[in-house]
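Listed here are the chains, written in short residue letters.
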Amino acid sequence: MKKQVTIFLFCDALGFEIVSKYHFMEKEFPFRYSVRTQLGYSSTAVPTILTGKPPTVHRHFSFFFRNPDGHSPFRFFNILKYFMHPGIIFNHHRVRHQLSKIIKWWYGFTGYFSLYQVPYDRLPFFDYCEKGDIFAAGGLKPVENLRDMLDKSGISFHISNWRNGDIENLQEAKKIIAGGKCDFLFIYTAGIDGMLHFNVMDPVKVEQELKKYASSVNELFDAGAAADCELRFFLISDHGMTPCNGSVDLKSIIESKPLRFGVDYIACYDSTMLRLYILKEGCRSELLNSFNGVPGHWLSAEEKKRFNVDFEGNLYGDEIFLLDPGIQLVPSDMSGKAIPGMHGYSPDDIDSNAAILSNVQPDFIPDEIAGFFTLMKHETERHSGKGSPK
Ligand SMILES: [Zn+2]
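All figures in this text were calculated on a predicted structure; none of them were measured in a lab. (Residues numbered from 1 in each chain as written. Predicted model: local features only at pLDDT ≥ 70, side-chain atom pairs only at ≥ 80, totals over all residues. Heavy atoms only, no water.)

1. With respect to the domain arrangement of the protein chain
Splitting the protein chain by domain gives domain 1 (3–56 + 138–242 + 349–384), domain 2 (64–128) and domain 3 (245–338). At the junction of the two partners, domain 2 supplies ten residues and domain 3 supplies 17 residues. Counting the surface lost from both domain 2 and domain 3, the interface buries some 1,200 Å², and carbon and sulfur atoms represent 68% of this. Remark: the boundary between domain 2 and domain 3 carries one salt bridge. Counting the contacts that link domain 2 with domain 3 gives three residue pairs in polar contact (both at pLDDT 80 or more). (Domains from an automatic or database assignment. Contact = heavy atoms within 4.5 Å. Buried area = accessible area lost by both parts, 1.4 Å probe. Salt bridge = Lys/Arg side-chain N within 4 Å of Asp/Glu carboxyl O. Polar contact = N/O pair within 3.5 Å; in protein donor to acceptor, adjacent residues only side chain to side chain.)

This is how it looks when you write it as structure tokens:
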């Protein structure tokens, strides 16, 4: 019997609408399913895939959240802000990038870290959720992650380095598959996400880039065939990409009110949602009535529960205003301008759907992205002899 090798190829943002529209690798992957995404960004979707648990359990949602106890890793900006006048060189993206690197090194953060565009004087109000490497052993403790699960299983596995580019990760995986010794690979690629953010409305470019990606994926199939292995190949994504159809400046609306940031409220301006911490109860109705006529809505308690963001202690905001699909929050703490595509909308939005494509019938079909972990566990058990026979 041929050696079986399980491959999970993670392709950030390759949603079901895109794979269907472009007939992406239909011959190679005849089993194709739409999978409901998790509200939020990759910062919450990836930990959800790596643990099989909702954000309310692994506690990763958006990168920035309120630090109520004064121990913010950014507290030194309380002094630095006097030297870093906004609008001049200090806000240049290269300066912010270098500063992010210094902070990362200073604290020994091993996860993905960036200051993005959060104003320097507001940083001391915040903490950051991805300080550690979520792919490393114990990276999402106390919750078990993929690495912990694979370590325990005793099978031979490979998880690619998320810090590397797609070409490097795909080439490395190809060599490992060709070696014929590895049971399970999780290959991380994020290039399609970056491409779709800027080109989702340009079908010629998207088709061209998907063809390039497909040819790299085919090289993995070829490596498996050359090593005489039987590949169980699953291509998975975390969300889709929704074309831009407008933007709103929620920040100016809030800041036109006679309310003080840090005294009356704290706001996190994500790309598609505003998360609000209400510090003075008397300001609540003025804040909540700010957006009449804006295409979006405040999440109800029922929606927060259904979207798995009803965090204990309202960790990620007392109230969340979610924009309608396609509308971008500009400027946000992430970016100063609108871009052709974005994700982070309601999981009910069709363009937000994630996907699983495979060359074999999965023995478990996830209906939401947390279920990818269950499928990875089933596949691991297949190799460790605890699950379906080899
Ligand atoms: Zn993205």
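Next, the rest of the story.
2. Quick notes on the sheet that holds strand β11 (residues 273–278)
Through backbone hydrogen bonds, the strands of a sheet pair up, either in parallel or in antiparallel fashion. Ordered in space as β10-β11-β13-β12, the four strands form an open sheet in which the pairing is antiparallel. Looking at the sheet topology across the chains shown, the edges are occupied by β10 (265–269) and β12 (296–298). The mean inter-strand angle of the sheet, taken between neighbouring strand axes irrespective of direction, is 15°. For β10 and β11, the ladder comprises five bridges, and the chain directions are antiparallel. Each residue of the ladder has a partner; that of isoleucine 266, found in β11, is tyrosine 277. (Pairing = 2+ DSSP bridges. Helix = DSSP H or I, 4+ residues; strand = E, 2+ residues; numbered from the N terminus. Axes fitted to C-alpha atoms, helices over the stretch in contact; angles between N-to-C directions.)

3. What to know about the coordination of the zinc ion
All of the protein donors around the zinc ion are Asp193 (OD), Asp193 (OD), His197 (NE2) and His343 (NE2); their distances to the metal are 2.1 to 2.4 Å. In this structure, the zinc ion is surrounded by four donor atoms whose angles at the metal cover 56 to 148°, and the resulting shape is irregular. Considered as a linear motif, the donors of the zinc ion on their single chain read D-x3-H-x145-H. Taken together, the positions of aspartate 193 in helix α8 (residues 191–199) and histidine 343 in the loop between β15 (341–342) and β16 (354–358) put the pair 150 residues apart, joining distant regions of the chain. Judged on exposure class, the residue aspartate 193 and its partner histidine 343 are both buried. (Donors = N, O, S within 2.8 Å, 3.2 Å for Na, K, Ca; no water. Tetrahedral: all angles 85-135°; square planar, octahedral: opposite > 155°, others 65-115°. Buried < 20%, exposed > 50% of the residue type's maximum accessible area, 1.4 Å probe, protein only.)

4. Let's talk about the packing of aromatic side chains
Scanning the entire structure with this criterion turns up 23 aromatic pairs. A centroid spacing of 5.6 Å and a plane angle of 40° characterise the contact between phenylalanine 61 and phenylalanine 311, whose relative ring orientation is tilted. With phenylalanine 61 in the loop between α3 (55–58) and β3 (64–66) and phenylalanine 311 in the loop between α12 (301–306) and β13 (319–323), the pair connects residues that are 250 residues apart, well separated along the chain. For phenylalanine 61, a relative accessible area of 0% translates into the label buried. Ring-pair connections join several aromatic residues into one group, and the members of that group are Phe63, Phe64, Phe125, Phe126, Tyr128, Phe261 and Tyr265. For arginine 122, the ring lying beneath its charged end belongs to phenylalanine 261, and the centroid distance is 4.0 Å. (Phe/Tyr/Trp six-rings, centres within 6.5 Å; stacked < 30°, edge-to-face > 60°. Lys NZ or Arg CZ within 6 Å of the ring centre and 35° of its normal.)

5. Looking at the sheet that holds strand β1 (residues 3–11)
Taken in spatial order, the six strands line up as β2-β16-β7-β1-β6-β5 in an open sheet, and their pairing is mixed. At either margin of the open sheet sits one strand with a lone partner, and together these are β2 (31–35) and β5 (157–159). Within the sheet, the average angular offset between the axes of one strand and its neighbour, ignoring direction, is 15°. With six bridges joining them, β1 and strand β6 (residues 184–189) adopt parallel strand pairing.

6. Quick notes on the pattern of salt bridges
Side chains carrying opposite charge are able to pair once their charged atoms draw close together. Taken as a whole and assessed by the stated rule, the structure comprises 22 salt bridges. Between lysine 280 and aspartate 264 there is a salt bridge, and its shortest N-O distance comes to 3.6 Å. Placement of the pair is lysine 280 in the loop between β11 and α11 (284–288) and aspartate 264 in the loop between α10 (250–255) and β10, with a sequence separation of 16 residues. Between arginine 382 and glutamate 379 there is a salt bridge, with the nearest N and O atoms lying 3.7 Å from each other. Within this pair, arginine 382 and its partner glutamate 379 are both found in helix α13 (residues 371–384), separated by three residues, close to a single helical turn. Comparing arginine 382 with glutamate 379 shows no difference in burial state: the two are buried.

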